[in-house]
Amino acid sequence: MQITSVVPVTVTFPLGREPMSFCFVRLETDDGLVGYGEACDSYGCSYAGVLAEVITQAYAPLLIGRDIVAVEPLADRLRLSTRRRLGDQWVATQARSAVEIALWDLVAQAAGRSVSQLLGQVRDRVAVYASSTFLDEGPAQFHADLLAPLLERGVRMAKVRVGPDWQQDLRTLTELRGLLDDDIALMVDGSETFTLPTAVEIAARLGELGVRWFEEPIPQGARAAIATLSARSAVPIAYGEHLYGREDVLGALTHDGISVLQPDVSISGGIAESRAIAGLASYYGARIVPHVCAGPISLAGNVALAASVHAIRAIEYPLSLIPAWEALGVGPPLGLAGIQDGSLAVPSVPGLGVRLAEDVAARYPYQVPGARVAGTVGGLPDRFVGDR
Ligand SMILES: [Mg+2]
């Protein structure tokens, strides 16, 4: 089986709060198989056109005409061939992740098995946690109402976001805690907003509320500050959606004291790299809870990861992305209809189990973001600048 084409598919899809871009890739083989992958930059893929060029210019020529027997030799070839020119973090790794997922889709289809079966499936369903919005977007009841459809379907974990107005956000969070059943675990995402002193203060308050983790409180590059925070924080500190491969993760575990790791198959180098990361995390006593924040192929890839690693008990499930999954995914229901007992079924058909609806994707061509900053509605908000 030889690879005959590697084609990126870029999309900008209208969602309730703002349009989001996605970067998919379609691989074809000489025996007629089609495999899909998807990259993520932590929030969809804002500069999908940039990643598409990396795929087309750097990775496609290394794959076309190659035999596919196993995924990892080909994924290694992509990394080793480009590492000294494009680096092995950020854009290069995100784009390579998309290709790696598509290779798994192809190899599994050729084997007549699902990707998770090929990896060693350990569960039939993968629990999800509700990943919700910024606390400053409404009062506690607004947030409880947003979460209700998932909680009614058995989801028992929910994450909300604190921003620059963190004192008010913490009041809202306290009230929200009171509105939810005691058995609902709450997590908080800081979106890399805070300075160290503020993060330490917030972490103490989160400890009083029994919050399960404080995610990306400080900009991810401020490694010394993260290490200090981890040592002082009353709650576990979570990072991972900006970690690229095992070397990066080893630093986060040994130096930064991260105790919740959030790899994402669409970011960290692919499914095999994320499994290796999960293996490392276990040795350091860290929890592994994969990040998910892109389209249906990325979700399916992370489901396959979670289905094949005992230590992964749940993955992220951003409520705002449900319309994109439903429109752009072909396969089992990925939206609310797919959630039972707080979990998604692991597909058992050959391959990844979810394909890209290319006819739908073609109706939403990629738009270069220009000066628009993804994750905002009106421009650059305080939360991307830092606290006061
Ligand atoms: Mg996050």
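Structural data are supplied above this passage.
Every value quoted in this text rests on a predicted model; they were computed, and no experiment measured them. (Residues numbered from 1 in each chain as written. Predicted model: local features only at pLDDT ≥ 70, side-chain atom pairs only at ≥ 80, totals over all residues. Heavy atoms only, no water.)

### Points about helix α6 (residues 166-179)
Turning to step 1, where the next piece is worked out: Between the first and last C-alpha of α6 there are 19 Å, a value that for 14 residues agrees with the 20 Å anticipated at 1.5 Å per step.
Turning to step 2, where the next piece is worked out: What α6 keeps buried is the set W166, D169, L170, T172, L173, L176 and R177. Down the axis of α6, the sector holding all buried residues measures 160 degrees, keeping them to one side. Across α6 from its buried face, at more than 90 degrees, point the exposed residues E175 and G178.
Turning to step 3, where the next piece is worked out: Its buried side turned inward, α6 meets α5 (140-151), β5 (157-161), β6 (185-189) and α7 (196-208). (Helix = DSSP H or I, 4+ residues; strand = E, 2+ residues; numbered from the N terminus. Expected span 1.5 Å × (residues − 1). Buried < 20%, exposed > 50% of the residue type's maximum accessible area, 1.4 Å probe, protein only. Arc of directions from axis to C-beta. Contact = heavy atoms within 4.5 Å.)

### Regarding the nonpolar core
Turning to step 1, where the next piece is worked out: One finds F22, L173, F214 and L328 to be the most contacted residues of the largest nonpolar core, which totals 127 residues.
Turning to step 2, where the next piece is worked out: Lining this core are residues from two domains, each supplying at least three of them: domain 1 (3-113) and domain 2 (117-351).
Turning to step 3, where the next piece is worked out: By size, the runner-up hydrophobic cluster in this structure holds six residues, among which are Y129, M187, W213 and V260. (Core = buried A, V, L, I, M, F, W, Y, C linked by side-chain atoms within 4.5 Å. Domains from an automatic or database assignment.)

### Observations concerning the pairing of strand β3 (residues 34-39)
Side chains on a regular strand alternate between the two faces of the sheet.
Turning to step 1, where the next piece is worked out: Counting buried residues along β3, five of its six residues qualify, which places the element largely inside the surrounding structure.
Turning to step 2, where the next piece is worked out: As paired elements, strand β2 (residues 20-29) and β3 share six bridges and run antiparallel to each other. Note that in β3 the partner of V25 across the bridge is G37.
Turning to step 3, where the next piece is worked out: What sits between the antiparallel neighbours β2 and β3 is a turn of four residues, in which G32 has the positive phi angle 90 degrees. (Pairing = 2+ DSSP bridges.)

### Points about unusual backbone geometry
Turning to step 1, where the next piece is worked out: One non-glycine residue, S42, lies in the positive phi region at around 105 degrees.
Turning to step 2, where the next piece is worked out: Mapped onto the secondary structure, S42 falls in the loop between β3 and α1 (48-63).
Turning to step 3, where the next piece is worked out: The phi angle at D341 is positive, at roughly 50 degrees, despite the residue not being glycine.
Turning to step 4, where the next piece is worked out: Structurally, D341 is set in the loop between β13 (339-340) and β14 (343-345).

### With respect to the packing of α5 against α6
Turning to step 1, where the next piece is worked out: Contact geometry for α5 and α6: axes closest at 8 Å, N-to-C directions at 50 degrees. Between α5 and α6, the interaxial angle falls into the category oblique. Classified by chirality, the crossing of α6 by α5 is right-handed. Contact with α5, carried on its side by A140, Q141, H143 and A144, involves T172, E175, L176 and L179 of α6 and no other residues of that element. (Axes fitted to C-alpha atoms, helices over the stretch in contact; angles between N-to-C directions. Parallel < 35°, antiparallel > 145°, perpendicular 65-115°, else oblique. Left-handed = near helix turned anticlockwise from the far one by under 90°.)

### Brief notes about the side chain of T12
Turning to step 1, where the next piece is worked out: When you line up the elements, T12 lands in strand β1 (residues 3-13).
Turning to step 2, where the next piece is worked out: Taking relative accessible area as the criterion, T12 reaches 5% and is therefore assigned buried.
Turning to step 3, where the next piece is worked out: A polar contact is formed between the side chain of T12 and the side chain of S21, at a distance of 2.8 Å.
Turning to step 4, where the next piece is worked out: Looking at T12, its side chain comes within polar contact range of the main-chain nitrogen of Q367, at 2.7 Å.
Turning to step 5, where the next piece is worked out: With near-sequence residues (within four places) excluded, T12 lies in contact with P19, M20, S21, Y364, P365, Y366 and Q367. (Polar contact = N/O pair within 3.5 Å; in protein donor to acceptor, adjacent residues only side chain to side chain.)

### Observations concerning the coordination of the magnesium ion
Turning to step 1, where the next piece is worked out: Around the magnesium ion, the donor atoms from the protein are D189 (OD), E215 (OE) and E241 (OE), and they sit 2.1 to 2.5 Å away.
Turning to step 2, where the next piece is worked out: Of note, the donors binding the magnesium ion are all from one chain and are spaced D-x25-E-x25-E. A residue pair is termed long-range when its members are at least 10 positions apart, and D189 in strand β6 and E215 in strand β7 (residues 214-215) qualify at 26 residues.
Turning to step 3, where the next piece is worked out: Take D189: its relative accessible area is 3%, and that puts it in the buried class.
Turning to step 4, where the next piece is worked out: With relative accessibility at 1%, the residue E215 sits in the buried group. (Donors = N, O, S within 2.8 Å, 3.2 Å for Na, K, Ca; no water.)

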